[in-house]
Amino acid sequence: MPTKNATATSEGFSAEELAAMKQRAAELRAEGKQGAKKADGLQQVLDAFEKMTPEDRALAERVHLTVTKAAPDLAPKTYYGMPAYANEEGKVVVFFKNAGKFKERYSTLGFEGAAHLDDGDLWPTSYALVAWSPSVEKKIAQLVKAAVS
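Residues numbered from 1 in each chain as written. Predicted model: local features only at pLDDT ≥ 70, side-chain atom pairs only at ≥ 80, totals over all residues. Heavy atoms only, no water.

Novice: Looking at this model, I keep getting lost on the overall build of the protein. Mind explaining?
Specialist: Of the regular secondary structure elements, the protein holds four helices and five strands. Mapped in sequence order, the helices and strands of the protein form the string α-α-α-β-β-β-β-β-α. Out of the 149 residues belonging to the protein, those deemed buried represent 40%. Counting contacts in the protein only where the partners sit at least 6 residues apart, residues at least 24 apart contribute 41% of the total. For the protein, the exposed surface amounts to about 8600 Å²; the carbon and sulfur share of it is 53%. (Helix = DSSP H or I, 4+ residues; strand = E, 2+ residues; numbered from the N terminus. Buried < 20%, exposed > 50% of the residue type's maximum accessible area, 1.4 Å probe, protein only. Contact = heavy atoms within 4.5 Å. Areas by Shrake-Rupley, 256 points an atom, 1.4 Å probe, with all protein chains shown as cover.)

Novice: Is there a simple way to think about the confidence of the model for the protein in this case?
Specialist: Detailed conclusions should not be drawn from predicted coordinates in areas where pLDDT is low. Residues at a pLDDT of 70 or more form 84% of the protein, whose mean pLDDT is 87. Note on residues 1-10: pLDDT is under 50 here. Beyond four places in sequence and across chains, it has 23 contacts. (pLDDT = per-residue confidence, 0-100.)

Novice: Before we go on, may I ask you to explain the pairing of strand S3 (residues 92-97) in this structure?
Specialist: Sheet faces and side chains relate simply in a regular strand, where the side chains alternate between the two faces. Taken across its six residues, S3 has five buried, putting it largely inside the fold. Pairing geometry for strand S2 (residues 82-86) and S3, over three bridges, is antiparallel. Paired with tyrosine 85 across the strands is valine 94, a residue of S3. In sequence, S2 turns back onto S3 through a hairpin of five residues, with glycine 90 there showing a positive phi of about 85°. (Pairing = 2+ DSSP bridges.)

Novice: Please explain the pattern of salt bridges as it appears in this structure.
Specialist: Note on pairing: side chains with opposite charge can pair once their charged atoms come close. Throughout the structure, instances matching the rule amount to two salt bridges. With its nearest N and O atoms 3.0 Å apart, the salt bridge here joins arginine 57 to glutamate 50. What makes arginine 57 buried here is its relative accessible area of 8%. Arginine 57 is paired through a salt bridge with glutamate 61; the nearest N and O atoms lie 2.8 Å apart. (Salt bridge = Lys/Arg side-chain N within 4 Å of Asp/Glu carboxyl O.)

Novice: Can you help me understand the nonpolar core in this one?
Specialist: Counting residues in hydrophobic clusters, the biggest one holds 32 residues, and the most contacted among them are Leu74, Phe111 and Val144. Put simply, the parts of the chain that give this core at least two residues each are helix H1 (15-30), helix H2 (33-50), helix H3 (54-70), S3, strand S4 (107-111) and helix H4 (134-148). Excluding anything up to four places from it in sequence, valine 144 contacts Val67, Ala70, Ala71, Leu74 and Phe111. (Core = buried A, V, L, I, M, F, W, Y, C linked by side-chain atoms within 4.5 Å.)

Novice: What is the right way to look at H4 in this model?
Specialist: Helical geometry: 3.6 residues make up each α-helical turn, so side chains three or four residues apart lie on a common side. Given a rise of 1.5 Å per residue, 15 residues ought to cover 21 Å, and the 21 Å separating the end C-alpha atoms of H4 matches this to within 8%. Of the positions making up H4, those classed as buried are Ile140, Ala141, Leu143, Val144 and Ala147. All buried residues of H4 lie within an arc of 165° about the axis, which places them on one face of the element. Of the exposed residues in H4, those oriented more than 90 degrees away from the buried face are Pro134, Ser135 and Lys138. (Expected span 1.5 Å × (residues − 1). Arc of directions from axis to C-beta.)

Novice: Looking at this structure, how should I read the sheet that holds S4?
Specialist: The pairing of strands in a sheet happens through backbone hydrogen bonds and is either parallel or antiparallel. A sheet is described by the order of its strands in space; here five strands give the open sequence S1-S2-S3-S4-S5, paired in antiparallel fashion. Bordering the open sheet on either side are strand S1 (75-79) and strand S5 (126-129), each of which pairs with just one other strand. Ignoring which end each strand starts from, the neighbouring axes of this sheet average 20° apart. This element, H3, spans S1, S2, S3, S4 and S5 of the sheet and lies at about 160° to S3. The strands that H4 touches are S3, S4 and S5; relative to S4, the one it contacts most, it runs at about 25°. (Axes fitted to C-alpha atoms, helices over the stretch in contact; angles between N-to-C directions.)

Novice: Can you help me understand the packing of H3 against H4 in this one?
Specialist: Helix-helix packing: each pair is described by the crossing angle between the helix axes and the interaxial distance. In the contact formed by H3 and H4, the axes pass within 9 Å of each other and the chain directions differ by 45°. The angle between the axes of H3 and H4 places the two elements in the oblique class. The two elements H3 and H4 meet at a crossing, and its hand is right-handed. Every residue of H4 that contacts H3 at Val63, Thr66, Val67 and Ala70 is listed here: Glu137, Ile140, Ala141, Val144 and Lys145. (Parallel < 35°, antiparallel > 145°, perpendicular 65-115°, else oblique. Left-handed = near helix turned anticlockwise from the far one by under 90°.)

What follows is the structure, encoded as structure tokens:
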């Protein structure tokens, strides 16, 4: 459950942060067709958060903040019902699969083919995510920046 103060915590978005995101979605819809598409994607992601357990939701919201800060040009959308972020061509670059969705022991941060993470003949495309920390945030930001470069 999100906290009631304006400071983001590992527990999720504050009520003020959720209200601000919903306001931004309304602004995007008012901008026209492209804005409406982005707003609808953001709303779908926010709705996906609502369906998660509190633990999964807290991780997903932190991932959302980190991805949108590291790569503001990626558009939020859902991908098989999971929060995801797509490039300007509409191709998913990164997604979050919460542990509860498939009754797994960990959530997954995954990268699709549009991500530029190539490193020789072998590289990881998904990461197990069990807890949030400053080092996890830093690593995700680095991966997302590399994925969109």
